[in-house]
Amino acid sequence: MSELFPNIKKIKYEGPKSKSKMAFRYYNPDEVVLGKKMSEYMKFAISYWHTLSASGADMFGVGTADKTFGTTEDMQLAYKKVDACFEMMDKLSIDYFCFHDRDIAPEGDTLEESNKNLDEISDYIVKKQKESGKKCLWGTANCFSNPRYMHGAGTAPNLDVFVFAAGQIKKNIDISLKLGARGLVFWGGREGYETLLNTEMGFELDNLAMLLHMAVDYAHSKGYDGDFYIEPKPKEPTKHQYDFDCATVIAFLKKYELDKDFKLNVEANHATLAGHTFQHELRVARENGFFGSIDANQGDMLLGWDTDQFPTNLYDAALCMYEVIKAGGFVNGGLNFDAKTRRSSFELDDLFYAYIAGMDAFAQGLKAAIAITDDGRIEDFVAERYSSWNGELGTKIRAGKASLPELSALALAMGDVETNISGRQEYLENILNQILFS
Ligand code: XLS
Ligand code: NI
Ligand code: NI
């Protein structure tokens, strides 16, 4: 079969000194790190939508990148995209891909037609998977692009829309399972509101939860034992997305008794849109037992929207991988590059530069995260900072065996707090710099 990226050879690891244009300098798929090959630890994934479909269109202009791969007929193009995806995975040593139903096969005039397109293309994907050993990290249903979803899908005021979304989600579960996905993602899409003047918030959230329960029940009935993820995002496309951030989603999952089934897919750019750091969202997910998977990208701090840039910020990559390590690594999840090249980076080669940049950044991040732990100064400092809790009294309070009157008596005897120690933020930031850049 002729190549769709004939200019690109398989990208090799050449080490940090390499000046080659197309080479990994830090990502070495076969290098063993934390008892696993780096490729198995990171579980990088290609995002089908940005990589194979997005052409760089924005509200001021049409696309700049040609992703027609020599054809404009819908189904033929769908086949070409599969070929392009598998060629990229091979050339970049990426083992996984993530997809929306409408990324892999065109939507037909009816649900039945759309489903037929999905059946046909997924047969082809399965064949390519068998040949290559490449896997699907997660699948999701696009219940936001079609105009029918203008008011939302699971939260739509119109029952017919809810029913249609349920049908689409059922099919997506079938296809995801057929492709061996170990994750089913639910990103809110248009589940949110523009104005409360026309919105029954509680009613909409009840319905959304019901839809998720049905999805879980259906997937389980088909023998699925992988993960379900909600992907939080605070705004865009709606003014207020219901799945605002990790904390909001965890409260929602607990209220509707979905917390045993769902974990979180944390996206860096969504974290910053919510006014949090990426690490904050990962920490919230981890501390609450909801750490699942990651959409690895980055936003622009000067812009207020989801720019979905390839992640190259080493601090963020390091602190992200630190949280991943502390969470015990990925089980069913992985690092999906939910990222697109800039509109002016329009050549197909740019896709490869972008993935290499992201993968190298995360490889450096992984090494840096390990170095933070090995170095020990930061973790020792944190342990020392809380050491006053190590004695009998601290243990008693944390075990829930102390009372306010008892502590009041101790406080009165104390008179006032005598000592406090510095948080030493600048000292710790300097250590982080030293670890990252030496
Ligand atoms: C959009 C989301 C989306 C999800 C999958 O902002 O990041 O791409 O990852 O539906
Ligand atoms: Ni995402
Ligand atoms: Ni996003």
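Only a predicted model underlies this, so the values are computations on that prediction, with no experimental measurement involved. (Residues numbered from 1 in each chain as written. Chains lettered and ligands numbered in written order. Predicted model: local features only at pLDDT ≥ 70, side-chain atom pairs only at ≥ 80, totals over all residues. Heavy atoms only, no water.)

Draft legend 1. Examining the coordination of the nickel ion (ligand 3) more closely. Around the nickel ion (ligand 3), the protein contributes the donor atoms Glu267 (OE), His270 (NE2) and Asp306 (OD), at 2.1 to 2.2 Å from the metal centre. Mapped onto the sequence, the donors of the nickel ion (ligand 3) take the spacing E-x2-H-x35-D. Separating the nickel ion (ligand 3) from the nickel ion (ligand 2) is a gap of 3.9 Å, which glutamate 267 spans by donating to each of them. For histidine 270, a relative accessible area of 3% puts it in the buried group. (Donors = N, O, S within 2.8 Å, 3.2 Å for Na, K, Ca; no water. Buried < 20%, exposed > 50% of the residue type's maximum accessible area, 1.4 Å probe, protein only.)

Draft legend 2. Unusual backbone geometry, seen in detail. The residue after glutamate 236, namely proline 237, is reached through a cis peptide bond having omega 10°. Tracing the chain through its elements places proline 237 in the loop between β10 (227–231) and β11 (240–241). Positive phi values are uncommon outside glycine, yet phenylalanine 69 reaches one of about 45°. With respect to the helices, strands and loops of the structure, phenylalanine 69 is situated in the loop between α2 (48–53) and α3 (74–92). Of note in the backbone geometry, glutamate 257 takes a positive phi value of approximately 55° without being a glycine. By the element assignment, glutamate 257 lies in the loop between α8 (246–255) and β12 (262–267). Accessibility expressed as a relative area gives 61% for glutamate 257, which makes it exposed. (Helix = DSSP H or I, 4+ residues; strand = E, 2+ residues; numbered from the N terminus.)

Draft legend 3. Looking closely at the packing of aromatic side chains. This structure, assessed with the given rule, holds 23 aromatic pairs. Between phenylalanine 5 and phenylalanine 352, the ring centres sit 5.1 Å apart and the planes meet at 75°, which makes this aromatic pair edge-to-face. Of this pair, phenylalanine 5 sits in the segment before β1 (12–13) while phenylalanine 352 sits in helix α12 (residues 348–375), and the two are 347 residues apart along the sequence. A residue is classified by how much of its surface remains accessible, and phenylalanine 5, at 3% relative accessible area, is buried. When the centroid spacing of 5.6 Å and the interplanar angle of 35° are considered together, the rings of tryptophan 49 and tryptophan 138 count as tilted. Residue tryptophan 49 is found in helix α2, and its partner tryptophan 138 is found in strand β7 (residues 135–140); the two are separated by 89 residues along the sequence. Just as tryptophan 49 is buried, tryptophan 138 falls in that class too. Cluster of aromatic residues (ring-pair linked, three or more members): Phe24, Tyr27, Phe44, Phe310, Phe337, Tyr355 and Phe362. (Phe/Tyr/Trp six-rings, centres within 6.5 Å; stacked < 30°, edge-to-face > 60°.)

Draft legend 4. The arrangement of the nonpolar core in detail. The biggest cluster of nonpolar side chains holds 124 residues, and the ones touching the most others in it are Met42, Phe97, Ile294, Met321 and Phe362. For this core, the element with the most residues is α12, which contributes 13 residues. (Core = buried A, V, L, I, M, F, W, Y, C linked by side-chain atoms within 4.5 Å.)

Draft legend 5. Structural detail: the packing of helix α5 (residues 111–132) against helix α6 (residues 159–178). One way to put it is that α5 packs onto α6 with a least axis distance of 10 Å and a crossing angle of 10°. The angle between α5 and α6 places the two elements in the roughly parallel class. Handedness of the crossing formed by α5 with α6: right-handed. Taken together, the residues of α6 that come into contact with α5 (itself represented by Leu111, Asn115, Leu118, Asp119, Ser122, Asp123 and Val126) are Phe164, Gly167, Gln168, Lys171, Ile175 and Lys178. Here the residues of the contact of α5 with α6 sort into five nonpolar, four polar and four charged. (Axes fitted to C-alpha atoms, helices over the stretch in contact; angles between N-to-C directions. Parallel < 35°, antiparallel > 145°, perpendicular 65-115°, else oblique. Left-handed = near helix turned anticlockwise from the far one by under 90°. Contact = heavy atoms within 4.5 Å. Nonpolar A, V, L, I, M, F, W, Y, C, P; charged D, E, K, R; others polar.)

Draft legend 6. Quick look at the coordination of the nickel ion (ligand 2). Taken together, Glu231 (OE), Glu267 (OE), Asp295 (OD) and Asp338 (OD) make up the full set of protein donors to the nickel ion (ligand 2), lying 2.0 to 2.1 Å away. Taken together, the six donor atoms coordinating the nickel ion (ligand 2) and their angles of 80 to 174° define a geometry best described as octahedral. Binding-site remark: the nickel ion (ligand 2) is held by donors from one chain whose sequence spacing is E-x35-E-x27-D-x42-D. (Tetrahedral: all angles 85-135°; square planar, octahedral: opposite > 155°, others 65-115°.)

Draft legend 7. Fine view of the site of ligand 1. Looking at ligand 1, the residues that line it are Trp49, His100, Thr140, Trp187, Glu231, Lys233, Glu267, His270, Asp295, Asp306 and Asp338. In the environment of ligand 1, an oxygen atom lies 2.7 Å from a nitrogen or oxygen atom belonging to the side chain of glutamate 231. Expressed as a share of its isolated accessible area of 290 Å², the protein-covered part of ligand 1 is 93%. (Near = heavy atom within 4 Å. Polar contact = N/O pair within 3.5 Å; in protein donor to acceptor, adjacent residues only side chain to side chain. Areas by Shrake-Rupley, 256 points an atom, 1.4 Å probe, with all protein chains shown as cover.)

No statement about biological role is implied by the geometric values presented.
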